[in-house]
Amino acid sequence: MTRHQRILIYGYGNPGRQDDGLGAAFIAKMEDWLRQNPVPGINLDCNYQLNIEDAEHIAHKDLVVFVDASQEDIEDYTFTAINPNDARVEFTMHAVSPAFVVDLCRKMFHRAPDAYLLHIKGYEWDFAEQLSDAATRNLEAAFDFLTEIIRNKKSFDNAIITKQDVTH
Amino acid sequence: MTKKITIEPVTRVEGHGKVTIHMDHQGNIQQTRLHIVEFRGFERFVQGRPYWEAPVLVQRLCGICPVSHHLAAAKALDVIVGAGTGEGLTPTGEKMRRLMHYGQFFQSHALHFFHLSAPDFLFGFDGDPAIRNIIGIALTKPELAVQGVMMRKFGQEIIRATAGKKIHGTGAIPGGINKNLSIEERDEFLKGADPLNADKMVSWAQEALDFFKYFYSSNKEMIDGFAHFPSNHLSLVRKDGALDLYHGVLRAVDTDGKKILHDIDYQEYTNYIEEEVRSWSYMKFPYLKSIGKENGWYRVGPLARLNTAEFIPTPLAQKEFEIYKALTNGKPNNYCLHMHYARLIETLHAAEVIRDLLNDPDLLGNDLVVKGTKQKEGVGLIEAPRGTLFHHYRINDNDQIEMANLIVSTTNNNEPMNRSVNYVAKAIMTGKEIITEGMMNSVEVAIRAYDPCLSCATHALGKMPLEISLYDEDNNLIDRKRS
C-alpha cells in the first residue's frame, strides 16, 4: 500500500433502494472508522451511479477501490482487480461501469490508478432505506476485510478474492 | 412466415424496455411496439408519509435525474404550504432552485450529447459499437471528450452546492430552500481555474452546438430523413411565451404551430390531460382530452420546448434559436434527430442562465422560506431534461400524503417513441432477413433521441445489453442476438 499515496474509496448505489445502498453504507462506516483511525491520503466519496466525470475524478488518484452492491452469484463479497479492457457500453444507460471509468480515464489522461472493486452481495431492492439483515452481515465482513488491508498496509493485489464468473 | 423480432434490454431490478417488430411473410413491417416496464409502486409507497418528506423521498425514483423529481415535488408542496405556485417564493429561494435546476440540465444534456448521441454521428449508426461511445471520442477527438467530462463535472458541482450533497439532496423544501450560496461557492463557479468556470462552460456549450451544426450541414439529408413525422408538442412556457425550464404555464401546439392548449395553470392539468392504459404496456399513454386518444398524443422534451416557446431569454441561445427556427420557416420542427440540435441550444441557454444567476446577489440572501395558508392538494410541474414532469399530491388532516400521481417525461413521450421506432423499422428492416448491428443501433438511435430514462432507479452492478430475438409466426425463437 505504501506506493499508493492518494487513495480513493468510492461507494455507489441508491440508498433509497435497500441493499443497493451498500456502497453508501460502506462509505458512511468508513468515515466513522477513519475518524478513529486516521490514515493520511485516503479520501472517501459516494454517488448514485458512476458516470463519465468520474474518469477525471480518479485521474488524480494512485489507487481506487469502488464499492458496490452485487446481484451476482457470490457468497458475501468479492474483491477483484478492475481490468479496463472489460469496459462495455450499455443500451441507453445513464451510468457506466468501473471498468468503463478506468478505461476512459486512461484514454483521456494517459494514466489511470490501480483500481479494484469490492462487490458486496445484496438481496432486497425495494423502496426503503434500510439494508437487509443478510446484506448488513456481508457489509460487516467486507468492511473488516478492507480495513484489515489498510490497517496492516497489506498489498491490495495480494488481497484479491475473485470468482471465475464475476464480470465488471 | 410472420416474424417477430424482439430487441430486449435485460435489466437488473425493474424497469426495462424492449422492442418487438412483427413482419408478415413478405417481410413487411406489420406492427412495432416499444415496451417499457415502468415501476408504478412508488406512488403507493409515498402514501402515508409526512408530506415534507416527499422532495427527498422522490429522489429514490431515479439516480440520474433526482434533481428534477426533487424540485417537482417541492413545487407541489409549495402549493400545499401556501407558498403559491412557483411565483410566491423569496428571490433567494426561487433563484437557488433555478440554479440547481439549470445545473441539472447542463450536466444531463452534456452527458447525452457527448456520451450517447455524438458517437452515433462521429462513427456512424453502424460504426463499431466498441468505440461508438465517449471512449471512441477520447481516442479520436480527445478535446471533445474532455469537454464532455468537464461539462458534466461543472453541472454536478452546481447541484452539490445548491442541493447540499450528491445523494438525496435536501436543498429544496416546501416553501423555499434550506441554504443560500456562499460567496466562496459563487466565486469558485464564476472565477475558478479553467475549465471549471461559467465563462468556459458557455464557450464550450457554443462549441458543442457548432460541432453539431457543422455535422448537420454535411449530413442534412440523413438527419432530416430519419423518423420525421408530425406531432403535437407540449411544455411549460413562461407567461410571455419565453422558454422557461423551471416554471410557467402549460402550452401545447399542433404540427402547424396552432395552440391546442392555451397557456393553462398546471394546477388544473387533470382537466386537460388523461392517461390511457394499453394491455401490452405497463407504461401509460398520456393525451390531450380535447383532441382525444387517437390524435391527442404529444411530444415533450427539447424538440417540443423549442416548438412551444416563442423566444429564448438569453442572447446567445436566442441567436441560435432564430437560425434553428428558420430551418422550418418558423413552424414546429418535427425532425426526430433535431432533438439533438434543440438539446444543444438548451445546453447553451442553461450555461448562460447559470452565469447570469451566479452574478445575481439574491443567491447570497438569507430570506429562504415562505409559508401561508395550508392547502390539501398541490401540483408541481417542471421541465426535466427529457421533458415535462408532473408531480401531484393530496394530504390528509394528519399531514400525510394520501394520494400521489406522477407523470414522468418518458411516459409523456411513450407514443412518439413508439412511432419513431415504427418509422425506423419500416425504413430499414422491411424485406430484410438479417438483422445487422447497424439496424439494431438505428432503432436505438430513434429511442435514444428522446433520452428516455428506462432503468435508473437502482443500479447494483449489472448489465443492460441489447438483445434481439427473432420468432416465427408460432412464437418459436429462431434467432437471438445480444450486444
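Residues numbered from 1 in each chain as written. Chains lettered and ligands numbered in written order. Predicted model: local features only at pLDDT ≥ 70, side-chain atom pairs only at ≥ 80, totals over all residues. Heavy atoms only, no water.

## Description of the pattern of salt bridges
In the structure shown here, the tally under the stated rule is 40 salt bridges over all chains. Between Arg111(A) and Asp62(A) there is a salt bridge, with its nearest N and O atoms 4.0 Å apart. Of the two residues, Arg111(A) is situated in the loop between α3 (98-109) and β5 (114-121) and Asp62(A) in the loop between α2 (54-59) and β3 (63-70); the sequence distance between them amounts to 49 residues. Classification of Arg111(A) as partly exposed rests on a relative accessible area of 31%. For Asp120(B), the salt bridge goes to Arg448(B), with nearest N and O atoms at 2.8 Å. Of the two residues, Asp120(B) is situated in helix α4 (residues 91-123) and Arg448(B) in helix α15 (residues 437-448); the sequence distance between them amounts to 328 residues. Accessibility classification places Asp120(B) together with Arg448(B) in one group, the buried group. The structure contains a network of salt bridges with shared partners spanning Arg251(B), Lys259(B), Asp263(B) and Glu310(B). (Salt bridge = Lys/Arg side-chain N within 4 Å of Asp/Glu carboxyl O. Helix = DSSP H or I, 4+ residues; strand = E, 2+ residues; numbered from the N terminus. Buried < 20%, exposed > 50% of the residue type's maximum accessible area, 1.4 Å probe, protein only.)

## Describing the nonpolar core
Ranked by internal contacts, the top residues of the largest apolar core, which has 145 residues, are Phe66(A), Leu104(A), Phe106(B) and Tyr393(B). In terms of residues, this core owes the most to one element, α4(B), which gives 13 residues. When neighbours within four sequence positions are excluded, Phe106(B) is seen to be in contact with Met151(B), Phe154(B), Gly155(B), Met201(B), Ala205(B), Thr347(B), Ala350(B), Ala351(B) and Ile354(B). By size, the runner-up hydrophobic cluster in this structure holds 30 residues, among which are Leu22(A), Ile27(A), Trp33(A) and Leu118(A). (Core = buried A, V, L, I, M, F, W, Y, C linked by side-chain atoms within 4.5 Å. Contact = heavy atoms within 4.5 Å.)

## Considering the layout of surface pockets
Residue and element names in this part refer to chain B. Approximately 280 Å³ is the volume found for the second largest pocket. Lining the second largest pocket we find 17 residues, and of these Arg-98, Tyr-102, Arg-238, Asp-244 and Pro-313 sit closest to its centre. Looking at the lining of the second largest pocket, the elements that each hand over two or more residues are α4 and α12 (338-358). Here the residues of the lining of the second largest pocket sort into five nonpolar, five polar and seven charged. (1 Å grid on protein atoms, 1.4 Å probe; cavity = no way out; pocket = protein on both sides within 12 Å on 5 of 7 lines; lining within 4 Å. Points joined across faces, edges and corners; volume = space filled by probe spheres on them. Nonpolar A, V, L, I, M, F, W, Y, C, P; charged D, E, K, R; others polar.)

## A closer look at the environment of Ser68(B)
Residue and element names in this part refer to chain B. Of note, Ser-68 is situated in helix α3 (residues 66-80). Ser-68 sits 280 residues away from Leu-348 along the chain, and the two C-alpha atoms are 19 Å apart. Apart from the residues within four sequence positions on either side, Ser-68 is in contact with Gln-104, Ile-382, Ala-384, Pro-385 and Leu-389.

## Describing α4(B)
Residues and elements named next belong to chain B. Taking 1.5 Å of rise per residue, the 33 residues of α4 would be expected to cover 48 Å, and the 46 Å separating its terminal C-alpha atoms lies within 8% of that figure. Roughly 45 degrees is the biggest bend found in α4, and it falls at Ser-117, with proline Pro-119 one to four residues downstream. After α4 finishes, the residue Gly-124 shows a positive phi value of roughly 90 degrees. (Expected span 1.5 Å × (residues − 1). Bend = angle between axes of the 7 residues up to and from the residue.)

## Things to note about unusual backbone geometry
The amide bond that connects Asp194(B) to the next residue, Pro195(B), takes the cis arrangement and shows omega of 5 degrees. Structurally, the position occupied by Pro195(B) is in the loop between α7 (183-191) and α8 (198-218). Of note, the phi angle at His110(A) is positive, near 60 degrees, even though the residue is not glycine. Structurally, His110(A) is set in the loop between α3 and β5. Exposure remark for His110(A): the relative accessible area of 71% places this residue in the exposed category. Notably, Asp399(B) is not glycine yet its phi reads approximately 65 degrees, a positive angle. Note that Asp399(B) resides in the loop between β13 (387-395) and β14 (401-407).

## Considering the confidence of the model for chain A
Parts of the prediction with low pLDDT should not have their coordinates interpreted in detail. All names here are of chain A. Per-residue confidence for chain A gives a mean pLDDT of 87, with 89% of residues at or over 70. Here α3 is the element of chain A with the lowest mean pLDDT, 92, and helix α1 (residues 22-36) is the one with the highest, 97. Counting interchain partners and residues more than four positions distant, the pLDDT-below-50 stretch residues 164-168 has 13 contacts. (pLDDT = per-residue confidence, 0-100.)

## Brief notes about the pairing of β3(A)
Residues and elements named next belong to chain A. Of all eight residues in β3, eight are buried, a share of seventy percent or more. One ladder, built from five bridges, connects strand β1 (residues 7-12) with β3; its direction is parallel. Considered in β3, the bridge of Tyr-10 is made with Phe-66. Sheet analysis places β3 next to β5, joined by eight bridges and oriented parallel. Each residue of the ladder has a partner; that of Val-64, found in β5, is Ala-115. (Pairing = 2+ DSSP bridges.)

## Some points on the sheet that holds β5(A)
All names here are of chain A. The sheet built from five strands is open, its strands ordered β2-β1-β3-β5-β4 with mixed pairing. Taken across any chain shown, the strands that pair with only one partner, and hence form the sheet edges, are β2 (42-47) and β4 (77-81). Here the strands of the sheet are splayed against their neighbours by 20 degrees on average, with no regard to which way each runs. Pairing analysis gives six bridges linking β1 to β2, with the strands arranged parallel. Across the sheet, the residue bridging to Tyr-12 is Asn-47, located in β2. Here α1 sits on the sheet and contacts β1, β2, β3 and β5; the angle it forms with β2, its principal contact strand, is near 150 degrees. Contacting β1, β2, β3, β4 and β5, helix α4 (residues 133-151) crosses the sheet at an angle of about 150 degrees to β5. (Axes fitted to C-alpha atoms, helices over the stretch in contact; angles between N-to-C directions.)

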